[in-house]
Structure formats: C-alpha cells, structure tokens
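Analysis of the macromolecular model
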Amino acid sequence: MKHALPFLAAGLALALTGCSSSSQNAPGPTVTQVEAIANDALLTTEVKAKLITVDINSTTSLGVHVSNGVATLTGTVWSAATRASMVAAARSVAGIRTVRDQVAINPHGPNISRTLSNAGANLSDAALAGRIAGAIFTQTGTTGVKVDVHDGNVVLRGEIVDPKVRTAAVDTARNTSGVRTVTDEMGS
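What you are looking at is a predicted structure, and each value in this text was computed from that prediction instead of being measured.

With respect to the environment of Leu62
- Counting through the fold element by element, Leu62 comes out in strand β1 (residues 62-67).
- For the pair formed by Leu62 and Lys48, sequence separation is 14 residues and the distance between their alpha carbons is 8.8 Å.
- Sequence-distant contacts of Leu62, that is, excluding residues within four places in its chain, are made with Leu51, Thr74, Gly75, Thr76, Val77, Met86 and Val103.

Written out as structure tokens, the structure is:
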C-alpha cells in the first residue's frame, strides 16, 4: 500500500495533464456564439410566456424552439383559431423574425383549463361536505351522518334513528351556503 501511493499519484497527475491539454486544444465558443445562445434562450422564454397568456394549455401542448430569431412551434392545439392566435402571439415577441408553424390541431387533446375547473369543483364539493359534516356535528353531536356533495347537491346517509337529529341534520345542510338541494337518505 505504501509503495502504491506514489504510483497512484503519478497516474492521477498524468491523467489530469492529458485531460487539461486536450481541453485546451479544443476551440471554445466565441463571445458572439454565447450571446446568440443566450439571446435564443431568452426569446424562447418570452415566447412561452406570451403563449401562456393566450392559452394556458400551451404549457403542456406546445413546444417552442428559437434559433437565430426563428421560433419553431410544435405540438397540438384545440382549433385553427387557437393555432392562429399562438402563431400571432409568437410573432409579436420583439426579436422574433420568423415563426415556423408545425402545430397540429387536435380537438380531443388535453385541456388544462377544463381539468383545473373540474378539480376546483371537486375541491369545492369536498370543502362543502366538510363544512356540512362539521355543522351537523356541532348541531347534533353525532358523527353518524355521511355527507356526499356533487355540484352543490347534498345527499345525507347514515343510520339515524332519532327524528330530531335527522331533522336537525337536514336543516343544517339546507342552511349551509353553497347548497343547492338536500336529499335525505338517512335510514331509520
């Protein structure tokens, strides 16, 4: 081990020398090349930001590549009108000289707006169910009422024997803001 250490150090020094000398001989990018790459990256970011303001779906459905001021759009959109809006938005970015439109139209593609809307509705229904269940517990002291909500329509289930508790649960649900209808399916 004692004798191997100098050989290991010499081998490492030789390897590093070989690496450094080969990298010194390779031509590096010029300042103008670096500036062009940075400018293209900045323009790509600006085009993407502009497209998001037109249609949030562009974050997942469109690709943007900029090279020397030429923006290439790829991916899919819902309609020809959306496609035209995307191309116009890309052209409006200062520094973009040309837009190459390689966007396909797919009316069945992913729709983030709809997905977010549906998620918001599901979260709203869950929040409303939680508020109702909490209010029923506060009013009656029971946790035996199962609350289901869909689009503000409430269904109450559970084995509630006491008619006063049942009536209080239904009234509490009806008086909760955001409730459209209440269906009593609590068995007795």
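We are not done yet, so read on.
Brief notes about helix α4 (residues 80-91)
- Between its first and last C-alpha, α4 extends 17 Å over 12 residues, near the 16 Å set by a 1.5 Å rise per residue.
- Among all positions of α4, only Thr82, Met86, Val87, Ala89 and Ala90 are buried. End-on, the buried residues of α4 take up no more than an arc of 160°, which puts them together on one face. The outward face of α4, more than 90 degrees from its buried face, is lined by the exposed residues Ala80, Ala81 and Arg91.

What about the confidence of the model for the protein?
- Looking at the protein as a whole, its pLDDT mean stands at 80, while 76% of the residues score no less than 70.
- Per-residue pLDDT stays below 50 along residues 4-22; that stretch engages in zero contacts with residues further than four places along the chain or on separate chains.

Considering helix α6 (residues 163-174)
- The terminal C-alpha atoms of α6 lie 16 Å apart, and with 12 residues this matches the ideal 16 Å at 1.5 Å per residue to within 8%.
- All of the buried residues along α6 are Val165, Ala169, Val170, Thr172 and Ala173. An end-on view of α6 places all buried positions within 165° of arc, on one side of the element. Projecting away from the buried face of α6 at angles above 90 degrees are the exposed residues Pro163, Lys164 and Arg174.
- With a side-chain oxygen lying 2.9 Å from the backbone nitrogen of Lys164, the N-terminal cap of α6 falls on Asp162.

Some points on the environment of Trp78
- Of note, Trp78 is situated in the loop between β2 (70-77) and α4.
- Residue class for Trp78 comes out partly exposed when judged on its relative accessible area of 22%.
- Sequence spacing of Trp78 and Asn57 is 21 residues, and the spatial spacing of their C-alpha atoms is 9.2 Å.

A word on the pairing of β1
- Judged by which residues are buried, β1 turns out to be one-sided: Leu62, Val64 and Val66 face inward and are buried, whereas Gly63, His65 and Ser67, on the alternate face, are not.
- Bridge count for β1 against β2 is six bridges, and the pairing is antiparallel. Bridge pairing in β2 links Gly63 to Thr74.
- From the end of β1 to the start of β2, which pair antiparallel, there are two residues, and Asn68 there has a positive phi angle of about 55°.

Quick look at the pattern of salt bridges
- Following the criterion strictly, the structure yields five salt bridges and no others.
- Across the pair Arg157 and Asp148 runs a salt bridge, and its minimum N-O distance is 2.2 Å.
- On the accessibility criterion, Arg157 (32% relative accessible area) is partly exposed.
- A salt bridge links Glu185 to Arg157; its shortest N-O distance comes to 3.1 Å. With Glu185 in strand β6 (residues 181-187) and Arg157 in strand β5 (residues 153-159), this pair connects stretches of sequence that are 28 residues apart.
- Residue Glu185 is classed as partly exposed on the basis of its relative accessible area, which comes to 42%.

Notes on the sheet that holds β6
- Strands sit in the order β4-β5-β6 across an open sheet of three strands; the sheet is mixed. The sheet terminates laterally at β4 (146-150) and β6, the two strands that pair on one side only. Each strand axis lies, on average, 15° off the axis of its neighbour in the sheet, ignoring direction.
- For β4 and β5, the ladder comprises five bridges, and the chain directions are antiparallel. The partner of His150 across the bridge, within β5, is Asn153.
- Contacting β5 and β6, α6 crosses the sheet at an angle of about 160° to β6.

What counts, and where the lines are drawn
- Residues numbered from 1 in each chain as written.
- Predicted model: local features only at pLDDT ≥ 70, side-chain atom pairs only at ≥ 80, totals over all residues.
- Heavy atoms only, no water.
- Helix = DSSP H or I, 4+ residues; strand = E, 2+ residues; numbered from the N terminus.
- Contact = heavy atoms within 4.5 Å.
- Expected span 1.5 Å × (residues − 1).
- Buried < 20%, exposed > 50% of the residue type's maximum accessible area, 1.4 Å probe, protein only.
- Arc of directions from axis to C-beta.
- pLDDT = per-residue confidence, 0-100.
- Polar contact = N/O pair within 3.5 Å; in protein donor to acceptor, adjacent residues only side chain to side chain.
- Pairing = 2+ DSSP bridges.
- Salt bridge = Lys/Arg side-chain N within 4 Å of Asp/Glu carboxyl O.
- Axes fitted to C-alpha atoms, helices over the stretch in contact; angles between N-to-C directions.

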